[in-house]
Each structure stands twice: as C-alpha cells, then as structure tokens.
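Examining the three-dimensional arrangement
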Amino acid sequence: MVYPAQSRRNNTQSCWNWFSRGDQRRDAGEPAILAGIARHVCAAYGIAPDRTFVAGLSAGAAMAVILGETYPDVFAAVGVHSGLAYGSAKDVASAFTAMAGPRAAPVQKTSHIPTIVFHGTSDATVHPSNGEAVVRQVQDIGPGQTLETVTQGTHGGRSCSILRAAAETGTSTVEYWTVTGLGHAWSGGQAEGSYTDPQGPDASAEMIRFFFQQPIKGA
C-alpha cells in the first residue's frame, strides 16, 4: 500500500485540495501527482491497473473520487469514507457549504468506476447526505440495468444499512454502508489512530473485499 501525504505548505490542515478547480482535472495539480505515484509504484512492482485501487477518508475520500473520475485507466475501483461527490465545490467557501450538505446536484461524472462508500449517520463534519450524493453519481452513469439489494445488520456493535448494486453480469458497481452513530471517523479503525472509531464494521476489510471482487481483465 502507498500512503501519500499532503504538506502544510500546500494546505494548512494537510488536506488534499479536492475543492480547487485546478485539482479536479486530469494532467493537472494533485490528481496528476497522485496518479503519477501510483503509476510509478505499479511499474516498479509489476502491479496491473485492474489490481490498483484508491481510497481515503474525508478530504482523502473526496480526492479518491476525483482520481477515479480523472484516471479510470490507473485505478480499477474507489473507496470513499466520509467523503464528497465529484465537483461538489469550486473553492473554499463552496467546500464548507458542500460539507454541510449538498444543496445542488454535483457535476455529471463521465467515468464509471466501481465504488464502495462508508458514511456515519452522526458525521458532523461532512454531512451524511454527501455519501448519498457519491452513490447517486455512480448510479447515474453506471449500467442501465442493475440488481440492487438492501440489508440491515450489526457489525462491531453498530447497526448499519448496506445497499449493494451489481450489473447484470454480476459485477459489483456500488456498495453503500450507512453506519448508525458513527461520526467523522474511519469505521472499525484502531483506537490509537486519528479520526478512527474501533466500533462498527471494518471499513478497511470491506473495501479490500470489494476491490478484489472486481474482475481481472482478460480473465
């Protein structure tokens, strides 16, 4: 795994600049840098694009969405934890507005990429409706015919609702985990970490499962 980090020189909170127009395009800004890192690592270790994935939390999740949209040739699936839909903001002011709850539909995506989304119902930093917006974006551009199921369950002491959608071929297109009582933190994360909650479903394990369920090209 690769864990790139933002510098405080480029963002005072060390967050990715997902809200900047210049960092929402292919061959420009942070997406180009992050995709370049992924390409370099894949070339060095012989990793195929269909086994290359991107995931993040909060600003990292919003940037993961951007990378899935702008570099579908580099990443085969996206994991979004407490993040925002592509094109939700254009500057700092609109970023805070979007985080409080999207008031308008985000821009239309053009790249369909399988996506798994986690969001807590008690997230006071990025409103849970942003998770719904990510899912809608994926579904709007996804296969015309999908099979959807919604299940309820309890994982790690928290109840959750799981929406799963798959194409007619059986390939997973989207999963949406709504975790009751979870705040702005990684579900099932280690207690000593920052922005983690040891309760709830193990988001890391579920994302890895979802990623490796994606078909190998040519298989």
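The coordinates are above.
Note that the structure is a prediction, hence the values are computed from the model and not measured. (Residues numbered from 1 in each chain as written. Predicted model: local features only at pLDDT ≥ 70, side-chain atom pairs only at ≥ 80, totals over all residues. Heavy atoms only, no water.)

For the coordinates displayed, the defined rule picks out five aromatic pairs. Aromatic pair Phe53 and Phe212: ring centres 5.3 Å apart, planes at 70°, arrangement edge-to-face. Within this pair, whereas Phe53 is found in strand E1 (residues 53-57), its partner Phe212 is found in helix H5 (residues 203-213), the two being separated by 159 residues in sequence. Taking the relative accessible area as the measure of exposure, Phe53 reaches 18% and is therefore buried. Plain terms: the ring middles of Phe118 and Trp177 are 5.0 Å apart, the flat faces sit at 10° to each other, and that makes the pair stacked. A residue pair is termed long-range when its members are at least 10 positions apart, and Phe118 in strand E3 (residues 115-120) and Trp177 in strand E6 (residues 172-179) qualify at 59 residues. For Trp177, a relative accessible area of 1% translates into the label buried. (Phe/Tyr/Trp six-rings, centres within 6.5 Å; stacked < 30°, edge-to-face > 60°. Helix = DSSP H or I, 4+ residues; strand = E, 2+ residues; numbered from the N terminus. Buried < 20%, exposed > 50% of the residue type's maximum accessible area, 1.4 Å probe, protein only.)

The next thing to look at is the side chain of Glu175. Within the secondary structure layout, Glu175 lies in strand E6. Its relative accessible area of 2% is what places Glu175 among the buried residues. Here the side chain of Glu175 touches Arg164 through a polar contact of 3.3 Å, side chain to side chain. With sequence-adjacent residues up to four places away left out, Glu175 is seen in contact with Thr115, Ile116, Val117, Leu163, Arg164, Arg209, Phe210 and Gln213. (Polar contact = N/O pair within 3.5 Å; in protein donor to acceptor, adjacent residues only side chain to side chain. Contact = heavy atoms within 4.5 Å.)

We now examine unusual backbone geometry. Across the chain, the bulk of peptide bonds are trans and the bulk of non-glycine residues have phi less than zero. Of note in this structure, Ser14 is not a glycine but carries a positive phi near 60°. Here Ser58, not a glycine, exhibits a phi torsion of approximately 60°, which is positive. Structurally, Ser58 can be placed in the loop between E1 and helix H2 (59-70).

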